[in-house]
Amino acid sequence: MDNEILKLFPQKAFKLLSIKDSIRIGSSVTSSLVNKKLYDEELQKRINHWKLPDISIVKELQISKKIPFSKNDGELILQVYFTQFFDSETSVHLDYRNAFVSAGNAIKWKPSRLQYKFSNQFLEGVRLLYSGFYFDNQIQFEQGLTKIGIIQQSASEKQKKDIIELFTKYFGDGRLNPVHFSLTKLKNSFNEIFTFFLKEDIPLNPEFAVLGIALVTLYSVLEDIPEEIDVRSSFIKASSKL
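My aim in this report is to walk through the structure given alongside it, one point at a time. (Residues numbered from 1 in each chain as written. Predicted model: local features only at pLDDT ≥ 70, side-chain atom pairs only at ≥ 80, totals over all residues. Heavy atoms only, no water.)

## Remarks on the overall build of the protein
Turning to step 1, where the next piece is worked out: Of the regular secondary structure elements, the protein holds ten helices and five strands.
Turning to step 2, where the next piece is worked out: On the principal axes, the C-alpha backbone points of the protein span a range of 50 × 40 × 30 Å.
Turning to step 3, where the next piece is worked out: Looking at the protein as a whole, 48% of its 242 residues qualify as buried.
Turning to step 4, where the next piece is worked out: Within the protein, contacts between residues separated by at least 24 positions form 78% of all contacts whose residues are at least 6 apart in sequence. (Helix = DSSP H or I, 4+ residues; strand = E, 2+ residues; numbered from the N terminus. Buried < 20%, exposed > 50% of the residue type's maximum accessible area, 1.4 Å probe, protein only. Contact = heavy atoms within 4.5 Å.)

Structure (structure tokens):
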């Protein structure tokens, strides 16, 4: 895996993963980089399933010079991120760096070779988590946290409450207001979450660590956009097309 990505991801997370899980997940993600046949097959599946009209999937990306992304570009990039969790047939592409080119009111996307096929339960949990938050459905939000392995079956009511508050804080004001993305804030949120996990002896689902990798690369792209981005609108547009 790209060392630059690992540097972006809080090292405290690895204290919560067993060596066995770290090797298994790391091998799965890394193998996607060298398996061209797998990448080509997954890319074709993605193209066949694609339904977002303002985003073109391309096999090659021509970047003549670095052009700053606009607010509209950022919201389309978010749609790319969200829509992948609604398709259980394809892998999720994890690296958003150098993956997009602005094309007027549209964007072109070359999916990264770094990819991972999440379990159906984890995908369902992510969908419930985002739907629960952006549609203000507390029950779905809690169900999502349970399915992705954050709320354990043995958790006390106090621990559940603390976890829900922690993740609601991470999502911030995105349900009500557009937000400016900050990689530093994301890393601080992860640090707070993982510190809580260590203190409460909560195991980390290794798939959540993979999701974290996707998020740090996403934030590293979006934080360069000076305008605030309407995340809720991007989620609704992405989910309504599927």
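After that view, the rundown keeps rolling.
## Some thoughts on the packing of aromatic side chains
Turning to step 1, where the next piece is worked out: Taken as a whole and assessed by the stated rule, the structure comprises 31 aromatic pairs.
Turning to step 2, where the next piece is worked out: Pairing Tyr130 with Phe235 gives two aromatic rings, centres 6.2 Å apart and planes at 40 degrees, and the pair type is tilted. Placement of the pair is Tyr130 in helix α5 (residues 120-134) and Phe235 in helix α10 (residues 231-240), with a sequence separation of 105 residues. Of the two residues, Tyr130 and Phe235, both sit in the buried class. (Phe/Tyr/Trp six-rings, centres within 6.5 Å; stacked < 30°, edge-to-face > 60°.)

## Quick notes on the sheet that holds strand β4 (residues 106-109)
Turning to step 1, where the next piece is worked out: Reading across from one edge, β1-β4-β3 is the order of the three strands in this open sheet, with mixed pairing throughout. The sheet terminates laterally at β1 (55-57) and β3 (100-103), the two strands that pair on one side only. Taking the axes of each pair of neighbouring strands and ignoring which way they run, one obtains an average angle of 25 degrees across the sheet.
Turning to step 2, where the next piece is worked out: Here helix α4 (residues 71-83) sits on the sheet in contact with β1, β3 and β4, set at roughly 45 degrees to β4. (Pairing = 2+ DSSP bridges. Axes fitted to C-alpha atoms, helices over the stretch in contact; angles between N-to-C directions.)

## So, the packing of α5 against helix α6 (residues 138-147)
Turning to step 1, where the next piece is worked out: Across the interface, α5 lies against α6 with an axial gap of 7 Å and an inter-helix angle of 155 degrees. In terms of orientation, α5 lies roughly antiparallel with respect to α6. Note that α5 runs across α6; the crossing there is left-handed. Contacts from Gln121, Glu124, Gly125, Leu128, Leu129, Ser131, Gly132 and Phe133 in α5 reach Gln140, Phe141, Gln143, Gly144, Leu145 and Lys147 in α6.
Turning to step 2, where the next piece is worked out: Of the residues belonging to the contact of α5 with α6, the class tally is five nonpolar, seven polar and two charged. (Parallel < 35°, antiparallel > 145°, perpendicular 65-115°, else oblique. Left-handed = near helix turned anticlockwise from the far one by under 90°. Nonpolar A, V, L, I, M, F, W, Y, C, P; charged D, E, K, R; others polar.)

## Points about helix α8 (residues 183-200)
Turning to step 1, where the next piece is worked out: Under the 1.5 Å per step criterion, the end-to-end length of α8 is 26 Å for 18 residues, consistent within 8% with the ideal 26 Å.
Turning to step 2, where the next piece is worked out: Residues of α8 that are buried: Leu183, Leu186, Ser189, Phe190, Ile193, Phe194, Phe196 and Phe197. End-on view of α8: buried residues confined to an arc of 155 degrees, all on one side of the axis. Facing away from the buried side of α8 by more than 90 degrees, the exposed set consists of Thr184, Lys185 and Lys199.
Turning to step 3, where the next piece is worked out: Immediately downstream of α8, the backbone of Asp201 shows phi near 55 degrees, a positive value. (Expected span 1.5 Å × (residues − 1). Arc of directions from axis to C-beta.)

Function cannot be read off these values alone, since they describe shape.
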